[in-house]
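Spelled out from the first residue to the last, the chains are:
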Amino acid sequence: MLPCHESVYANPSAIHRAGQDAKKLLEAARRRVADCVGAMPSEIFFTSGGTESDNWAIMSAAAAVETGLSGGGRGRHMVTSSFEHNAVLKPMETLASRGWECTLVSPGKDGIVDPEEVASAVRPDTVLVSVMAVNNVAGTVQPVKEMAAAAHAKGAIFHTDAVQAAGHIPVDARGWNVDLMSISAHKFHGPKGTGVLFAKIPRLPIPLIDGGGQERGGRSGTENVPGAVGMAEALAESVERLDEDSVALSALRDRLIERVLRIEGAVLVGHPTKRLPGNACFAFRGLDGLANIVAGLDEAGIEASSGSACSASSKEADHVLVAMGHLDIGLRHSLRISLSRWNTPSDIERIADRLDELIPILKIHRSRH
């Protein structure tokens, strides 16, 4: 990214030589990202991250109906899962305030959404189905291709939030046959504030930002060339290492799960194997909030999350656990531990040992109060 700051720093929309040099870097990054996710360069639109990409996909589909650009024949109904990221759920709530209807499909206790449940929820008036490729808390991998087929069978378009998937499992927009797909650079060690919306040609997203007409008229505003270049490099590196990292991380993950489940009251959240190689998510019976656990781990130099990082400060029950039906067994909050290629077996033992120390102490503290 440094050359984009130091020497090739011009506006890529400018027609002078410096601008065109920047444009070449931007388009090279677009091609690299497209190659990594099974798309064509013309189907890749750079954004500020997964949240913008999700909002753009959903609001663009709605705008096509509301402005009459969809050609008519569809109603105002969408389908999503009840354990989506808020970047999907909140836009759905906004549309509900404008007269749209949204059907929520719940996952099973294993954190997997059943494609048949999705198919049952799709109606003749359904415009869009949006289900994430990998859940951001439980880490469970979803049957995207089957869900896309269920949506298409009834004439609806399909969007998947692949923010947690890209760079960690094979992502194939064409093979999955999705119409819209969101990814974000910071999930695979790329720069924060950079993402992509994949939009299958000829289904171009309706512009939500008006201005100079950048990104082929889809998203106005001077392009973030350093972010796009950094994202492409990070994604290409992650995809190149995918098989090697998957084997190593799965072994570390399984060892961590084995160790933590020895702790009294520990429960694995999500399917034991149909999950990201580097994701381990737990809940603990007898503990309401996990902020003290996160703080206790942090004191030992271990950085973990209580559910989604975007909602970690909330005292309400984790909506992912609620969606998976875990409230009925007294589980309200989750502890998510994400592993990367830089973690080692000794890290796993250190995490497990620290939890061995913390959980009994916090249970005693809770019982006294």
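Definitions and limits used
Residues numbered from 1 in each chain as written. Predicted model: local features only at pLDDT ≥ 70, side-chain atom pairs only at ≥ 80, totals over all residues. Heavy atoms only, no water. Pairing = 2+ DSSP bridges. Helix = DSSP H or I, 4+ residues; strand = E, 2+ residues; numbered from the N terminus. Axes fitted to C-alpha atoms, helices over the stretch in contact; angles between N-to-C directions. Buried < 20%, exposed > 50% of the residue type's maximum accessible area, 1.4 Å probe, protein only. Expected span 1.5 Å × (residues − 1). Contact = heavy atoms within 4.5 Å. Polar contact = N/O pair within 3.5 Å; in protein donor to acceptor, adjacent residues only side chain to side chain.

K.L.:
Explain the sheet that holds strand β2 (residues 77–81) residue by residue, including any values.
P.N.:
Here we have seven strands laid out as an open sheet, ordered β1-β7-β6-β5-β4-β2-β3, and mixed in their pairing. Looking at which strands have only one partner, the edges of the open sheet turn out to be β1 (44–47) and β3 (101–105). Averaged over all pairs of adjacent strands, the angle between their axes in this sheet comes to 20 degrees, without regard to strand direction. Where strand β6 (residues 180–184) and strand β7 (residues 195–199) come together, five bridges link them in antiparallel fashion. Bridging from a neighbouring strand, Ser-184 pairs with Gly-195 of β7.

K.L.:
Quick rundown of unusual backbone geometry? Include the residues and the values.
P.N.:
Residue His-189 is not a glycine yet carries a positive backbone phi of 70 degrees. Residue His-189 is classed as partly exposed on the basis of its relative accessible area, which comes to 44%.

K.L.:
Just give me the short version of helix α8 (residues 225–240), but keep the residues and values in it.
P.N.:
Compared with an ideal rise of 1.5 Å per residue, which puts 16 residues at 22 Å, α8 spans 23 Å between its outermost C-alpha atoms and is within 8% of the ideal. Counting buried positions over the 16 residues of α8 gives 12, a clear majority of the element. Taken as a whole, α8 has its buried residues at Val-225, Pro-226, Gly-227, Ala-228, Val-229, Gly-230, Met-231, Ala-232, Ala-234, Leu-235, Ala-236 and Ser-238. Contacts from the buried residues of α8 go to α1 (2–6), α2 (17–37), β1, β6, β7 and α9 (242–260). Two or three places before Gly-227, at the start of α8, stands the capping residue Asn-224, its side-chain oxygen 2.9 Å from that residue's backbone nitrogen.

K.L.:
Now, about the side chain of Gln-214: what can you tell me, with residues and values included?
P.N.:
Within the secondary structure, Gln-214 sits in the loop between β7 and α8. Among the residues examined, Gln-214 registers a relative accessible area of 12% and is labelled buried. Contacts of Gln-214, omitting those with residues within four sequence positions, involve Ser-13, Arg-219, Ser-220, Gly-221, Thr-222 and Glu-223.

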